[in-house]
Amino acid sequence: MPATERLYYRDSRLLEFDARVISLSDLDDGQIAVTLDRTAFYPTGGGQPTDTGTLGDARVVDCIDAEDEGVMHVIQGPAPEVGDTVHGKIDWPRRLDHLQQHTGQHILSAAFVQLFDAPTLSFRVLEHECEIDVELENPTDERIEQAVDLANQIIWESRPISIRQVTSEEAAALPLRKEPARAGELRLIQIGDFDLTPCGGTHAKSTGEVGVIAVRSWERAKGLTRIHFMAGVRALTDYRKANQTAREVAALFSAGREDSPALVERLVEENKKVRRRLGELEQVASRVEAEELVGQATFDSAPRIITRVFDDRTADSLKQLALALIAHPNTVALLGSLDGDTARLVFARSTDVSGDMNRLMRKACEMIDGRGGGKPDMAQGGGKNLEQLGEALDHAAKSLI
Ligand SMILES: [Zn+2]
């Protein structure tokens, strides 16, 4: 005889019960686990997470399936003593959620078998969504939505769901959707004449309780099709979030939800064009700016050294300006920018000047706690020490004279 009678096998709506404590265990993490002679708490297993609730004045935070050793209730709070009678209470919103996801999975998996002869190989209820891995050939949105439509049709017909206990010999003669994972007496879950499968989980009493099934996304994974779906309350919660996101985007365009994708696409295209045009104009502006800087620079026999620090100039923009400056003969450009939390540097020289910009850049980057390098005529770098940027440029200028 198993140590714990599993009341949830018979009735998934049984939420309160009395039971006797048969043992207490100290777990490795310091928590206490209570084993009862009977329980309505479902322990983690078969892709379905544990129930939570209360046992007397303690919280039940996890339930462990120790098979014939019983169900271990991990508690936080006052522990009962062996022999005590305790009152257990299941958290209904969580149980309902698991019922809906788990029963929804039976229905969706059966729909894939019926339509495409595609069995489900694994199932998981995760925190936000559920996953099934299906042996589905040539997955497409259309094929998957066809299965979703069939599953919802079965849900809205509100078909009764019943539990049958059979021997393994009896089971062998029945059209089970999947092979039983264990020998001996089997618990079968029957959804009208739509699905018959062995399972130890908690299920709805009729398909209507599942509410609705929706697929969020799917992908190919290890030769299978992984389908992310939600049922019942989760689907409604997800719809609310998705709707809010869609409405926020639509409001930015003062448009309707359905018009947003086309408007976003147009905006992205326009942005690309504007960026291209901006790049062209920056080149022109850099040439004009370079003329001005060259005109202001004092010039004697040494190369003309133009040293400047700008605010908020990107690495690309600095490089454009440096290129425009060294188009002028006998010129060295030592440019810096305070770009957000990064100090940027570009060093460049015209071809008729000697000097190793790469070496100068490496030294300068040491001073601004950063990294950089390049070629003898042009080098770039950046660092986090913004305060040292001016000093690093002065140092570079002095070493050229
Ligand atoms: Zn099940």
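Calculation criteria
Residues numbered from 1 in each chain as written. Predicted model: local features only at pLDDT ≥ 70, side-chain atom pairs only at ≥ 80, totals over all residues. Heavy atoms only, no water. Donors = N, O, S within 2.8 Å, 3.2 Å for Na, K, Ca; no water. Tetrahedral: all angles 85-135°; square planar, octahedral: opposite > 155°, others 65-115°. Helix = DSSP H or I, 4+ residues; strand = E, 2+ residues; numbered from the N terminus. Buried < 20%, exposed > 50% of the residue type's maximum accessible area, 1.4 Å probe, protein only. Axes fitted to C-alpha atoms, helices over the stretch in contact; angles between N-to-C directions. Parallel < 35°, antiparallel > 145°, perpendicular 65-115°, else oblique. Left-handed = near helix turned anticlockwise from the far one by under 90°. Contact = heavy atoms within 4.5 Å. Nonpolar A, V, L, I, M, F, W, Y, C, P; charged D, E, K, R; others polar. Pairing = 2+ DSSP bridges. Phe/Tyr/Trp six-rings, centres within 6.5 Å; stacked < 30°, edge-to-face > 60°. Lys NZ or Arg CZ within 6 Å of the ring centre and 35° of its normal. Core = buried A, V, L, I, M, F, W, Y, C linked by side-chain atoms within 4.5 Å.

1. Here's the deal with the coordination of the zinc ion
Then, in step 1: Here the zinc ion is held by the protein donor atoms His102 (NE2), His106 (NE2), Cys199 (SG) and His203 (NE2), which lie 1.9 to 2.2 Å from it.
Then, in step 2: In this structure, the zinc ion is coordinated by four donor atoms arranged in tetrahedral fashion, with angles at the metal of 99 to 122 degrees.
Then, in step 3: Taken in chain order, the donor set of the zinc ion reads H-x3-H-x92-C-x3-H. Taken together, the positions of histidine 106 in helix α1 (residues 92–116) and histidine 203 in the loop between β13 (195–198) and β14 (213–221) put the pair 97 residues apart, joining distant regions of the chain. A single burial state applies to histidine 106 and to histidine 203, both of which are buried.

2. Quick word on the packing of α1 against helix α2 (residues 141–156)
When two helices pack together, their arrangement is captured by the angle between the axes and the distance separating the axes.
Then, in step 1: Running from amino to carboxyl end, α1 crosses α2 at an angle of 120 degrees, the nearest separation of the two axes being 8 Å. Between α1 and α2, the angle is such that the two are oblique. Where α1 crosses over α2, the two elements pack in a sense that is right-handed. Listed contacts from α2 to Ile107, Leu108, Ala111, Phe112, Gln114, Leu115 and Phe116 of α1 are Arg143, Ile144, Gln146, Ala147, Val148, Leu150, Ala151, Ile154 and Ile155.
Then, in step 2: The residue inventory of the contact of α1 with α2, partitioned by class, reads 13 nonpolar, two polar and one charged.

3. Section: the sheet that holds strand β7 (residues 71–76)
Then, in step 1: Strand order in the closed barrel formed by six strands is β2-β3-β7-β6-β5-β8, with antiparallel pairing between adjacent strands. Along the sheet, successive strands turn relative to each other by an average axial angle of 45 degrees, direction set aside.

4. A word on the packing of aromatic side chains
Then, in step 1: The tally for this structure, following the rule as stated, stands at four aromatic pairs.
Then, in step 2: Ring centres of tyrosine 8 and tyrosine 9 lie 5.1 Å apart, and the angle between their planes is 70 degrees; this geometry places the pair in the edge-to-face category.
Then, in step 3: Residue tyrosine 9 is classed as partly exposed on the basis of its relative accessible area, which comes to 26%.
Then, in step 4: Ring centres 6.0 Å apart and planes at 75 degrees place the aromatic pair phenylalanine 17 and phenylalanine 41 in the edge-to-face group. In this pair, phenylalanine 17 is assigned in strand β2 (residues 16–26) and phenylalanine 41 in the loop between β4 (38–39) and β5 (53–55), connecting sequence segments 24 residues apart. We note that phenylalanine 17, like phenylalanine 41, is buried.
Then, in step 5: Site record: aromatic cluster; members linked through ring pairs are Tyr8, Tyr9 and Tyr42.
Then, in step 6: Arginine 313 extends its terminal NZ or CZ atom over the ring of phenylalanine 310, reaching a point 4.5 Å from the ring centre.

5. Describing the nonpolar core
Then, in step 1: Counting 32 residues, the largest nonpolar core has Ile107, Leu108, Phe112, Ile132, Ile213 and Phe229 as its most contacted members.
Then, in step 2: Counting residues per element, this core draws most heavily on α2, which supplies seven residues.
Then, in step 3: Apart from the residues within four sequence positions on either side, isoleucine 107 is in contact with Ala151, Ile154, Ile155, Ile191, Phe194, Thr207 and Val210.
Then, in step 4: In terms of nonpolar packing, the next biggest core, distinct from the first, is built from 19 residues, Phe347, Ala379, Leu389 and Ala396 among them.

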